[in-house]
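# An overview of the molecular structure
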Amino acid sequence: MLEVYDNRRKRKIIVFLSDDIPGVLMNKKLVTELNEELEQLKEQNLLWNPKTLNGPSCAKPTVDGKNVVMLCSNNYLGLANHPALKKAAIEAVEKYGVGSGSVRPIAGTMDLHIKLEETIAKFKHAEASLYYNTGFTANSGAIPALLRPGDAVISDELNHGSIIDGVRLTKADRYIYKHKDMGDLETRLKEVKEKNPNRIVIITDGVFSMDGDIAPLDKIVELAEQYEAVTYVDDAHGDGVLGDHGRGIVSHFKVEGRVDFDMGTFSKAFGTMGGHISTSKTAKEFLLNKSRTWLLTGSHGPATVAASIASLELLMQSDALVKNLWKNTNYYKKRLIELGFDTGESETPITPVMTYDSGKARKLSIRLFEEGIYALPIVYPMVAKEKARIRTMITAEHTIEELDLAIEKIEMIGKELKLI
Ligand SMILES: *Cc1c(COP(=O)(O)O)cnc(C)c1O
């Protein structure tokens, strides 16, 4: 990165891709254009400059060389650095090596991958489960496979980007309903029915990642049954968090057997990596034959797969971590609310601390990091302009002392910024 004086703008700008590094051959016009776009992102405060972890992801990691309380990781249960998962990964490496050697359909299916899929199905009380490399590729592969021209898809307006991309890849008719608004969903269903599509698929996030609110899946399922629609839920933030032993939103609302596609990820509460979809045997067979993101990408190596099996086995044996997650979450939220903070729509460990003003959200995040607390600002366009906040996320691993320290610093800086 270089700071240079821009004659046209009459001020200094940052140049990200300098063409003075020997050996970097790039089309000059492209470099100029990329710089222009980066500059625009910077002007809108949308430029990422990721911080670096200097060790494991945990409740009190070292980030950019500084020991901080982590409040922005999805490692809800602390499994990313759990001894049982590490042991499983190490043993798998000894026995199977580090790579799978191929894509799943050719030579990249080890007995470990089969065991993982069986374990997911057992955990989810499903007939069958399919494992993808990530949650993103599960959505971007399965959704276009399920929707053909003449079908219709109805999606919550706040669904995750991977669902949006999956939907963009279909040739089906697309409809959006207002966030969690069942009246609006029914209006869309009626509108769609009039066009007599072959297949209607309703897609929703289980837990919405910006506000931490929960989709009314019980009502969605009822409407789907009434209008003969297929249901697809993305439970990335509900896996390991909601339901009996962390079985997710389907268990939370007791709608087991009534949701067609129960999709989720290992990259959050389960502590590892990989997407999964639980469904019927037939739908699994169909998806693995039709999802390009399953067919055309190398499969995960043994360490990740074995650790993922271990994470589900651990959860099936004991719900202690899930209980602790909720104990910590309830304690933290109660204290913040008592101090006068607004935690928005949150119903889960995702706890926004509303600042409304985007400048204050940024300032709060920067000041917190200085004080040893790591939480990120969430501002427009990730949320509406007047709904800026920092998003804090609680885990089972946090000690009461760590939570108290976080609360103390949020209170102190909250007062500096006149939030309370
Ligand atoms: C994180 C997330 C994903 C992506 O999962 P990965 O396994 O990390 O690719 C998909 N959907 C939702 C709702 C998410 O929050």
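The rules we used
- Residues numbered from 1 in each chain as written.
- Predicted model: local features only at pLDDT ≥ 70, side-chain atom pairs only at ≥ 80, totals over all residues.
- Heavy atoms only, no water.
- Salt bridge = Lys/Arg side-chain N within 4 Å of Asp/Glu carboxyl O.
- Helix = DSSP H or I, 4+ residues; strand = E, 2+ residues; numbered from the N terminus.
- Buried < 20%, exposed > 50% of the residue type's maximum accessible area, 1.4 Å probe, protein only.
- Domains from an automatic or database assignment.
- Expected span 1.5 Å × (residues − 1).
- Arc of directions from axis to C-beta.
- Contact = heavy atoms within 4.5 Å.
- Polar contact = N/O pair within 3.5 Å; in protein donor to acceptor, adjacent residues only side chain to side chain.

The tally for this structure, following the rule as stated, stands at 26 salt bridges. Of the charged contacts in the structure, one is a salt bridge between Asp404 and Arg335, with a shortest N-O distance of 2.9 Å. Here Asp404, found in helix α14 (residues 400-416), pairs with Arg335, found in helix α12 (residues 320-338); they are 69 residues apart in sequence, far enough to count as distant. Accessibility expressed as a relative area gives 26% for Asp404, which makes it partly exposed.

By the assigned domains, the protein splits into domain 1 (2-34), domain 2 (62-76 + 320-416) and domain 3 (82-317). One C-alpha centre belongs to domain 1, the other to domain 3, and the line joining them spans 42 Å.

Because the α-helix completes a turn every 3.6 residues, residues three or four places apart line up on one side. Over its 14 residues, helix α2 (residues 83-96) runs 20 Å from end to end, which matches the ideal 20 Å to within 8%, given 1.5 Å per residue. Those residues of α2 that fall on the buried side of the exposure criterion are Leu85, Ala88, Ala89 and Ala92. Down the axis of α2, the buried set is contained in an arc of 100 degrees. They therefore lie on one face. Away from the buried face of α2 by more than 90 degrees, exposed residues Pro83, Lys87, Ile90 and Glu94 are located.

With 13 residues, helix α6 (residues 182-194) should reach 18 Å at 1.5 Å per residue; the first-to-last C-alpha distance of 18 Å fits that figure. Taken together, the buried positions of α6 are Met182, Asp184, Leu185, Arg188, Leu189 and Val192. Along the long axis of α6, the arc covered by the buried residues comes to 155 degrees, so they all point the same way. Packed against the buried residues of α6 are β7 (152-156), β8 (173-177), β9 (200-205) and α7 (217-226). N-capping of α6 is provided by Asp181, with a side-chain oxygen placed 3.0 Å from the backbone N of Gly183. One or two residues past the end of α6 sits Asn196, with phi positive at roughly 55 degrees.

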